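Structural overview for review
So you can see what is in the structure, the chains are spelled out below.
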Amino acid sequence: MNTKPLLRLLADGETHSGESLAESLGISRTAIWKQVRKLQEEGIQVETIRGRGYRLPAPMDMLSEDSIREGLTASLRENISLAVHDRIDSTNSDITRRWQQGEAGLLVSIADCQEQGRGRRGRPWQSPVGKNLYMSVGVSISRGFTGLEGLSLVAGLAAIESLGLPEEVRPGLKWPNDLLVDGQKLAGILIELQGELEGAVRVIVGIGLNVHMTDAESVDQPWTSLSLALPGESWVRNRVAASVLNRLAARLDTFEQEGFAPFEELWNQYDIFRGKTLRATSGDLSGVGCGVDDAGHYLLETGQGVQRISAGEISLRVV
Ligand code: BTN
């Protein structure tokens, strides 16, 4: 049962009678009712207004492949292989499957909902339907595994830059790559790598960005969304997705040619750890945050000199 056409009609948040919906879709009112039940089972709150019809509690910002494409730069539009899914296990897994099926080039998978969204350190990533952006980019980078240090920082930088957030909301990056607004997590990045030690490595950059989410029961850290942080703006997921993709593709090109060095200064402008006393989550390393070096290592002034920390090695917390 494809409920998408019905959802598109309801997306304006207005009340629609069963009769008018049935007529628009060329199906019976009973079929409409069944589809409404299905949408409700999928977690979409469709309200039944007695004697008047159905409506969503608020307008829904629908994902659309065409609209995302429209927002891309001409060269990206030509080169990208974009798949937009209603529902998927994980967009990162989708990229892996597409590679296995022989797809090549710059692959992008975006979903309206993930059933097994993955976060870093094996945590789940809450991926409710119709709310946020769940997006993965699959690309081959010819730098070998060792040349990929700093890649996840570049992805975080590209994402935060693409949003054009005003200073007042204090946009920041928490090393290595969480996007924060006023100290609350707005987006997370999960990088997965496949390939040889030397030569081309297949890289999946998975980005989970909270756009319209206003409640989440089981998120275990302070979080926010674009709509919560900047309620005055009307955020459109298709536009946000296109801006992130435009910036990310350009930044990945530069990274492949030149590594992390060109991004050191830009990244440090967003560093939320600078000047703070930090402690590594494992071991007894602590010190004051001094930003990243030209390879993307985090620098800690420990009192006995500066320690360089590699992403993936340990994580840092403000004391
Ligand atoms: C984190 O823990 O901060 C990383 C979260 C990454 C979530 C994104 S959503 C799109 C992509 N698909 C996944 O399963 N995970 C990433």
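As the structure is a prediction and not an experimental result, all values here were calculated from the model.

Remarks on empty space enclosed by the protein
- This model, assessed by the stated rule, comprises 1 cavity of 30 Å³ or more.
- In this structure, the largest cavity occupies an estimated 40 Å³ of space.
- The biggest single contributor to the lining of the largest cavity is helix α9 (residues 237-258), with 4 residues.
- A class-by-class count of the residues in the lining of the largest cavity yields 9 nonpolar, no polar and no charged.

Some points on the side chain of serine 127
- Summarising the element assignment, serine 127 is placed in the loop between β4 (106-111) and β5 (133-142).
- Among the polar contacts listed, one links the side chain of serine 127 to the backbone oxygen of tryptophan 125, at a separation of 2.8 Å.

Remarks on the packing of helix α7 (residues 151-163) against α9
- Where α7 contacts α9, the two axes come as close as 8 Å, and the packing angle between them is 140°. Between α7 and α9, the angle falls in the class oblique. For the crossing formed where α7 meets α9, the hand is right-handed. Along its contact with α7, which presents Leu151, Val154, Ala155, Ala158, Ala159, Glu161, Ser162 and Leu163, the element α9 presents Val240, Ser243, Val244, Arg247, Leu248, Arg251, Leu252 and Phe255.
- Here the residues of the contact of α7 with α9 are counted per class, giving 11 nonpolar, 2 polar and 3 charged.

Notes on helix α2 (residues 18-25)
- If you check which residues of α2 are buried, you get Gly18, Leu21 and Ala22. Along the long axis of α2, the arc covered by the buried residues comes to 100°, so they all point the same way. Opposite the buried face of α2, by more than 90 degrees, sit the exposed residues Glu19, Glu23 and Ser24.
- Buried residues belonging to α2 abut α1 (4-10), α3 (29-41) and β2 (53-55).
- Positioned one or two residues after α2, glycine 26 has a phi angle of 65°, which is positive.

Description of the site of the ligand
- Near the ligand lie 20 residues; those nearest to it are Ser90, Gln114, Arg118, Arg120 and Lys185.
- Here an oxygen atom of the ligand and a side-chain polar atom of lysine 185 are 2.6 Å apart.
- For the ligand, whose free accessible area comes to 410 Å², the fraction covered by protein is 98%.
- Among the secondary structure elements, those contributing two or more residues to the shell around the ligand are α6 (91-100), β5, β8 (184-195) and β9 (200-209).

Considerations on the layout of surface pockets
- Here the second largest pocket defines a volume of roughly 650 Å³.
- Lining of the second largest pocket is provided by 22 residues; of these, Gln45, Val129, Gly130, Lys131 and His212 occupy positions nearest its centre.
- Looking at side-chain class alone, the lining of the second largest pocket contains 10 nonpolar, 8 polar and 4 charged residues.
- Each of domain 1 (4-55) and domain 2 (65-267) gives at least three residues to the lining of the second largest pocket.

Observations regarding the sheet that holds β4
- Across the sheet, 7 strands lie side by side as β3-β4-β5-β9-β8-β7-β6; this open sheet has mixed pairing. Two strands close off the open sheet at either side, each with one partner strand: β3 (80-85) and β6 (171-174). With direction set aside, neighbouring strand axes in the sheet form an average angle of 20°.
- Where β3 and β4 come together, 6 bridges link them in parallel fashion. If you follow valine 84 over to β4, its bridge partner there is isoleucine 110.
- Contacting β3, β4, β5, β8 and β9, α6 crosses the sheet at an angle of about 140° to β4.

Digging into the environment of threonine 302
- Here threonine 302 shows up in the loop between β12 (298-301) and β13 (306-309).
- Look at threonine 302 and you get partly exposed, because its relative accessible area is 22%.
- Spatially, the C-alpha atom of threonine 302 lies 6.5 Å from that of valine 288, the residues being 14 residues apart in sequence.
- Within the structure, threonine 302 has its side chain in polar contact with the backbone nitrogen of glutamine 304 (distance 3.2 Å).

Some details on the pairing of β5
- For β5, the tally of buried residues reaches 8 of 10 residues, placing the bulk of the element in the interior.
- Looking at chain direction, β4 and β5 are connected through 5 bridges and run antiparallel. By the bridge assignment for β5, leucine 107 is matched with glycine 138.
- Note that β5 and β9 share 10 bridges and pair antiparallel. From the neighbouring strand, serine 140 faces β9, where its bridge partner is arginine 202.

Conventions we followed
Residues numbered from 1 in each chain as written. Predicted model: local features only at pLDDT ≥ 70, side-chain atom pairs only at ≥ 80, totals over all residues. Heavy atoms only, no water. 1 Å grid on protein atoms, 1.4 Å probe; cavity = no way out; pocket = protein on both sides within 12 Å on 5 of 7 lines; lining within 4 Å. Points joined across faces, edges and corners; volume = space filled by probe spheres on them. Helix = DSSP H or I, 4+ residues; strand = E, 2+ residues; numbered from the N terminus. Nonpolar A, V, L, I, M, F, W, Y, C, P; charged D, E, K, R; others polar. Polar contact = N/O pair within 3.5 Å; in protein donor to acceptor, adjacent residues only side chain to side chain. Axes fitted to C-alpha atoms, helices over the stretch in contact; angles between N-to-C directions. Parallel < 35°, antiparallel > 145°, perpendicular 65-115°, else oblique. Left-handed = near helix turned anticlockwise from the far one by under 90°. Contact = heavy atoms within 4.5 Å. Buried < 20%, exposed > 50% of the residue type's maximum accessible area, 1.4 Å probe, protein only. Arc of directions from axis to C-beta. Near = heavy atom within 4 Å. Areas by Shrake-Rupley, 256 points an atom, 1.4 Å probe, with all protein chains shown as cover. Domains from an automatic or database assignment. Pairing = 2+ DSSP bridges.

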